[in-house]
Every structure is written in structure tokens, then in C-alpha cells.
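Structural overview for review
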Amino acid sequence: MRDGRRVALFAAAAHAAGLAAPRVVDWSRVLRAGAVFAPGETVRIDSPGEDVATERALRGVDDPTRVEGTARWYARFTSATAEVAGAARAAGAQLLDDPGELAVLFDKRRCHGVLRAAGVPVPPSPTSLAPAAPPRVQSAPVGGAGAVEPAGSCAPVRGWDDVRALLAGPGGLRRAFVKLAHGSSASGVLAVEWAGPGRVSARTSVERSPDGRLFNSLRVRRYATEAEVAALVDALAPDGLHVERWLPKASQRGRAADLRIVVVGGRATHAVVRTSRSPMTNLHLGGARGELAAARAATEAAGVPWGEVLGLAERAAACFPGTLCVGVDVLPGTGWRRFAVGEVNAFGDLLPRLTGLPGSGAEGLDTYGAQIAAVTTKEHHHHATR
């Protein structure tokens, strides 16, 4: 979206680096007529945002607050990114985002399976899809035995009956996150708790209208009956669902806490603590930025070197070497002793006013400045050594 915050922040970072203003190609134009690139251009794929025309083209709805349509969004978005990549390569332009990796990053089931197969600790999930190819990295969990689960087939999730069986069956999850397979920004996410037959509750930002349509709100609400939860899950299921164990999180000042760590060019450059009184720590849902120094101190007091936490995010990003920048959601367990990766976000860099970590090489730079520096440094090295 030409006038969105992402474009403005990236353009400001380019200006600060002494570069010309980037040429912006709107997603609405790409979806309508494709894209044309010039030889030597560097092409960075960014989020489509919430432009009405783009939403209509991708999801078939005019209201960006609507939840439904993510499966259609995924099919059209991944097709469009593949076309953009093809046009860029045909023109001899440099592409910073691999379309095949974007397709994995935007399918939580596939992304979870890639991470798990690479030995990255993740919450146990019955819907994890094993990757078609061997994992690229192998690594040990951070903080001892983590949440890595053995490979297995993907459990079908056709609606509430299937989710109920995963929660309540022998060895059931009891507490789980139910997520749209292709969702983002906590859209369609339910934190579900099973306490026995008829004792089911869920917290979510999803609001259901009287006619059954689903909308995202900025308030996390609680549904306290099985019938209400079942209706939500059944409405979400046609777009595809991912289910994973709800791991107890560490806390900071009495609020649940996790970490968003941005990895640029394979290196952890930025980190922010997100805290919330609800299970979802997303900042647009009332979450707040916490204290990074306090999180580091708590982690090291628990016997886990801070470098291992940053290294965990880097190992997760290493599963996607063709993507310049990802935002890795790292879940600290109770007491800051063990860590798992919740998600890897292709467009997880929108963190205004956040500057780089000490020793990261991105000191004084925001996430966009770090990406520009990574590309220009690589290009300079390439020209100097070829």
C-alpha cells in the first residue's frame, strides 16, 4: 500500500542511508496487471496491508476487519508472489524474498513442520506438516529438553468435533491455540481451554455477528460455553486450522510475556518484549512493550545465556535462507528457563522506533535500516571481491 506505514518507514530508512526513494509498486496494481522490473533493481516483497481494493482482490471481501477468506487470500497471494519473482528474475533484478519460502511462512502447519524437522523447539502440534525436503539445519533446544515433538501425520481438523477430540481425547492437549492456517496479526486465533464435558472457554479477538459472520476487533473477549466456541471453530475451519499446545509463558510485572526477535541476513538485529494480560500479546490487541533488559536478566538468572535465545531465533530464520528478514516469535516458558518458537513471520518487521541490539551491527538503525544496510553491505562486498 503506497501510503502505508511500512512504505513510509522503508522510504525514510532509504533516505537516511543516502539512497534514492524506492520505487513502489502497489499490490492492487500487481494483482491487476502484474509487475515489470528493470535490470539491476533490488525487489523487496512487502505486506499487502489492508487496502480495500487489495483485500477485495485477495479475499473477496471489502471489509479488512472480516476474518473469513484466508484460504483464498493465501492461494492468490502466493500465486502473485511467484509471478513477481518470475518477473524479477526474468529482468535480471535481485529478489530479497523467496516465493516458495513465503508460501511456507504463510502456512502455520507447514512452517511448524519445517521448524520441528530442523530441531527448533516448537509447541507440540497434531496439525504440523512434515516438510517435503530434509531440513536445512539441525539444532538442540534452548534451556534443555524443549517442546520438539516427533514427526507424525497431520491430524484432520474439519470443525469443532475434531478440535474437541484433540483437546479431550486420551493424552489430549486440554489447553490449545487454534489458529487459522493462513492468518496473521492474531486474526482468527482462539486460546481454548478444556476443563471437561460442557466446560469449555476461549479467548479471542474474533467477534461473531448475529448472522454468523466473523470480524476482528481490538478487544480480546471470552466465550464461556461450548456452543459458542464450537460455532466459532466451525466457522473458521473451512479456511484451514492449525492447533498447537498452549505453553505456559513467563511473566513480567504480572503480565504474560514473549519476544519478537527480528533476524536480518541471518543475524538477530532487533528484539522487543511483548506483554499482555490476555493470551495474545499482539500490540494492537492491548499488548505493551516490556523491558528487554529485565527479560535478559531473568533469562540469565535462570541459567540460559542470552546469546542462546538470540541464536534460537537465528536458527529458526536459517530454515528460510532465501528470505532477507523475518520476525521470530520466541515463547519463554515459566521462569524464563526454556524457550520455543511460536511463529516465524515474513512481515514481522513493523516495529517503529525500535533500534538495533548492541553488537548486532544494526545499532542506531530501525528494522528497515538494518535491511538496507544488509543489502548494501552485501552488494559492496560482491563488487569488491568478484
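To be clear, the structure that these remarks concern was listed above.
Below: a short report on this structure. (Residues numbered from 1 in each chain as written. Predicted model: local features only at pLDDT ≥ 70, side-chain atom pairs only at ≥ 80, totals over all residues. Heavy atoms only, no water.)

Looking only at helices and strands, the protein chain features eleven helices and 13 strands. A compact globule built from 386 residues would reach a C-alpha radius of gyration of about 21 Å, and the protein chain, at 21 Å, matches this within 12%. Principal-axis analysis of the C-alpha atoms gives the protein chain an extent of 65 × 50 × 40 Å. Scored against the burial criterion, the 386 residues of the protein chain give a buried share of 52%. (Helix = DSSP H or I, 4+ residues; strand = E, 2+ residues; numbered from the N terminus. Rg over C-alpha atoms; globule rule 2.2 N^0.38 Å. Buried < 20%, exposed > 50% of the residue type's maximum accessible area, 1.4 Å probe, protein only.)

Core analysis: the biggest nonpolar cluster contains 57 residues, and L115, I261, F320, V328, V330 and V344 have the highest contact counts within it. The biggest single contributor to this core is helix α4 (residues 70–91), with eight residues. When neighbours within four sequence positions are excluded, V328 is seen to be in contact with L259, R260, I261, V263, A313, A316, V341, E343 and V344. In terms of nonpolar packing, the next biggest core, distinct from the first, is built from 26 residues, L167, A176, L232 and V233 among them. (Core = buried A, V, L, I, M, F, W, Y, C linked by side-chain atoms within 4.5 Å. Contact = heavy atoms within 4.5 Å.)

This part takes up α4. Since the α-helix advances by 3.6 residues per turn, residues separated by three or four positions end up pointing in the same direction. The terminal C-alpha atoms of α4 lie 31 Å apart, and with 22 residues this matches the ideal 32 Å at 1.5 Å per residue to within 8%. Within the span of α4, buried status applies to T70, W73, Y74, F77, T78, A80, T81, V84, A85, A88 and A91. All buried residues of α4 fall inside an arc of 165 degrees around its axis, so they share one side. With respect to the buried face of α4, the exposed residues turned more than 90 degrees away are E83 and A90. Downstream of α4 by a residue or two, G92 has a phi angle that is positive, lying close to 80 degrees. (Expected span 1.5 Å × (residues − 1). Arc of directions from axis to C-beta.)

Another aspect to go through is the state of the cysteines. Applying the stated rule across the entire model yields zero disulfides. We note that C319 lacks a disulfide partner, and the nearest cysteine sulfur, in C111, lies 8.0 Å from it. Just so you know, C325 is unpaired, no disulfide at all, and the nearest cysteine sulfur is the one on C111, 14 Å from it. Exposure remark for C325: the relative accessible area of 4% places this residue in the buried category. (Disulfide = S-S within 2.5 Å.)

Moving on, we come to the side chain of E244. In this structure, E244 sits in strand β7 (residues 241–245). A polar atom in the side chain of E244 sits 3.0 Å from the side chain of H242. Filtering out sequence-adjacent residues up to four positions away, E244 remains in contact with H112, P123, P124, S125, L173, A176, F177, K179 and G342. (Polar contact = N/O pair within 3.5 Å; in protein donor to acceptor, adjacent residues only side chain to side chain.)

This paragraph deals with the packing of helix α3 (residues 52–59) against α4. Contact geometry of α3 with α4 gives a least axis separation of 7 Å together with a crossing angle of 95 degrees. By the angle between their directions, the pair α3 and α4 is classed as roughly perpendicular. When α3 is examined against α4, the residues R56, A57, L58 and R59 are found in contact with a partner set consisting of T70, R72, W73, R76 and F77. In terms of residue class, the contact of α3 with α4 is made up of four nonpolar, one polar and four charged. (Axes fitted to C-alpha atoms, helices over the stretch in contact; angles between N-to-C directions. Parallel < 35°, antiparallel > 145°, perpendicular 65-115°, else oblique. Nonpolar A, V, L, I, M, F, W, Y, C, P; charged D, E, K, R; others polar.)

With that settled, the discussion passes to the pairing of strand β13 (residues 339–345). Of all seven residues in β13, seven are buried, a share of seventy percent or more. Where strand β12 (residues 325–332) lies against β13, six bridges are found, and the strand directions are antiparallel. Counterpart to G327 in the pairing with β13 is N345. The turn joining β12 and β13, which pair antiparallel and follow one another in sequence, is formed by six residues; a positive phi near 85 degrees is taken by G335. (Pairing = 2+ DSSP bridges.)

The final tally for this structure, using the stated rule, is 25 salt bridges. Ionic pairing is found between E55 and R59, a salt bridge with its closest N-O pair at 2.7 Å. With a gap of four residues between them, E55 and R59 both fall in helix α3, about one helical turn apart. Residue classification places R59 among the buried residues on the basis of a relative accessible area of 8%. Across the pair D258 and R274 runs a salt bridge whose closest N-O atoms are separated by 3.1 Å. Here D258 is found in strand β9 (residues 255–264), whereas its partner R274 is found in strand β10 (residues 267–276), with 16 residues between them in sequence. The class for D258 is buried, based on a relative accessible area of 2%. Assessed through its relative accessible area of 8%, R274 is described here as buried. (Salt bridge = Lys/Arg side-chain N within 4 Å of Asp/Glu carboxyl O.)

Right, let's talk about the packing of aromatic side chains for a bit. For the coordinates displayed, the defined rule picks out eight aromatic pairs. Their ring planes at 85 degrees and their centres at 6.3 Å tell us that F77 and F347 sit as a pair that is edge-to-face. One end of the pair, F77, is in helix α4; the other, F347, is in the loop between β13 and α11 (367–385), with 270 residues separating them in the sequence. Accessibility expressed as a relative area gives 12% for F347, which makes it buried. Taking the centre distance of 5.5 Å and the plane angle of 50 degrees together, the rings of F106 and F347 count as tilted. Taken together, the positions of F106 in the loop between α5 (99–105) and α6 (108–117) and F347 in the loop between β13 and α11 put the pair 241 residues apart, joining distant regions of the chain. We classify F106 as buried; its relative accessible area is 10%. Feature note: the residues W27, W73, F77, F106 and F347 constitute an aromatic cluster, connected by ring pairs. One cation-aromatic arrangement involves K179 over F177; the distance from NZ or CZ to the ring centre is 5.8 Å. (Phe/Tyr/Trp six-rings, centres within 6.5 Å; stacked < 30°, edge-to-face > 60°. Lys NZ or Arg CZ within 6 Å of the ring centre and 35° of its normal.)

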